[in-house]
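Overview (structure and organization)
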Amino acid sequence: MSKGQTGIRPRTATRANTARPPLYKVILLNDDFTPREFVVQVLKAVFRMNATHAEQVMLTAHQKGVCVIAVYAKDIAETKAKEATELGKAQGYPLFFMTEKE
Ligand code: TYC
């Protein structure tokens, strides 16, 4: 090594140091039976949406068949989807929320 050189190379790695857990989408499915107002209530209660956002999400699922609601870590996504689906089931509605890896 010649004079003035340290032999230390700068870090060139581009990989992030913090490993991020994979995210999961919660998806709302349309059906022909659950009342629109009930879907809005569930979205507000479980996903903490305001009335305007909940109405938009409900309408998107109603018109397109599905709507992605939000993304969370796996266990949170699964818990919320299950909780929201159970609220519908308790009232005899086929309302269904599924999860999918991003
Ligand atoms: N399609 C239902 C109705 O006409 C309302 C509804 C909207 C149900 C969105 C589920 O994810 C849903 N009563």
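Rules used in this analysis
Residues numbered from 1 in each chain as written. Predicted model: local features only at pLDDT ≥ 70, side-chain atom pairs only at ≥ 80, totals over all residues. Heavy atoms only, no water. Near = heavy atom within 4 Å. Polar contact = N/O pair within 3.5 Å; in protein donor to acceptor, adjacent residues only side chain to side chain. Areas by Shrake-Rupley, 256 points an atom, 1.4 Å probe, with all protein chains shown as cover. Helix = DSSP H or I, 4+ residues; strand = E, 2+ residues; numbered from the N terminus. Nonpolar A, V, L, I, M, F, W, Y, C, P; charged D, E, K, R; others polar. Contact = heavy atoms within 4.5 Å. Pairing = 2+ DSSP bridges. Axes fitted to C-alpha atoms, helices over the stretch in contact; angles between N-to-C directions.

1. Quick notes on the site of the ligand
All residues adjacent to the ligand are Leu 28, Leu 29, Asn 30, Asp 31, Thr 34, Arg 36, Val 39, Met 58, Ala 61 and His 62. Within the backbone of Thr 34, one N or O atom sits 2.9 Å away from a nitrogen atom of the ligand. Protein chains shield 88% of the accessible area of the ligand, which is 350 Å² for the free molecule. Going through the elements one at a time, strand S1 (23–29), helix H1 (36–47) and helix H2 (51–64) are the ones with two or more residues in the shell around the ligand. Here the element with the most residues in the shell around the ligand is H2; it accounts for three residues. Residue classes in the shell around the ligand are distributed as five nonpolar, three polar and two charged.

2. Re the environment of Cys 67
By secondary structure assignment, the location of Cys 67 is in strand S2 (residues 66–73). The spacing of Cys 67 and Gln 56 is 11 residues in sequence and 9.7 Å in space, taken between C-alpha atoms. Among all residues touching Cys 67, those that are not within four sequence positions of it are Val 26, Ile 27, Leu 28, Val 57, Thr 60 and Ala 61.

3. Regarding the sheet that holds S2
Strand pairing within a sheet occurs via backbone hydrogen bonds; the two strands may be parallel or antiparallel. Strand order in the open sheet formed by three strands is S2-S1-S3, and the pairing between neighbours is antiparallel. Two strands bound the open sheet, and with one partner strand each, they are S2 and strand S3 (96–101). Across the sheet, the mean angle from the axis of one strand to that of its neighbour is 30 degrees, orientation sign disregarded. Summarising the sheet, S1 and S2 pair through seven bridges and their orientation is antiparallel. Bridge assignment links Leu 28 to a residue of S2, and that residue is Cys 67. With respect to the sheet, H2 is in contact with S1 and S2, its orientation differing from that of S2 by roughly 130 degrees. Contacting S1, S2 and S3, helix H3 (residues 74–90) crosses the sheet at an angle of about 135 degrees to S2.

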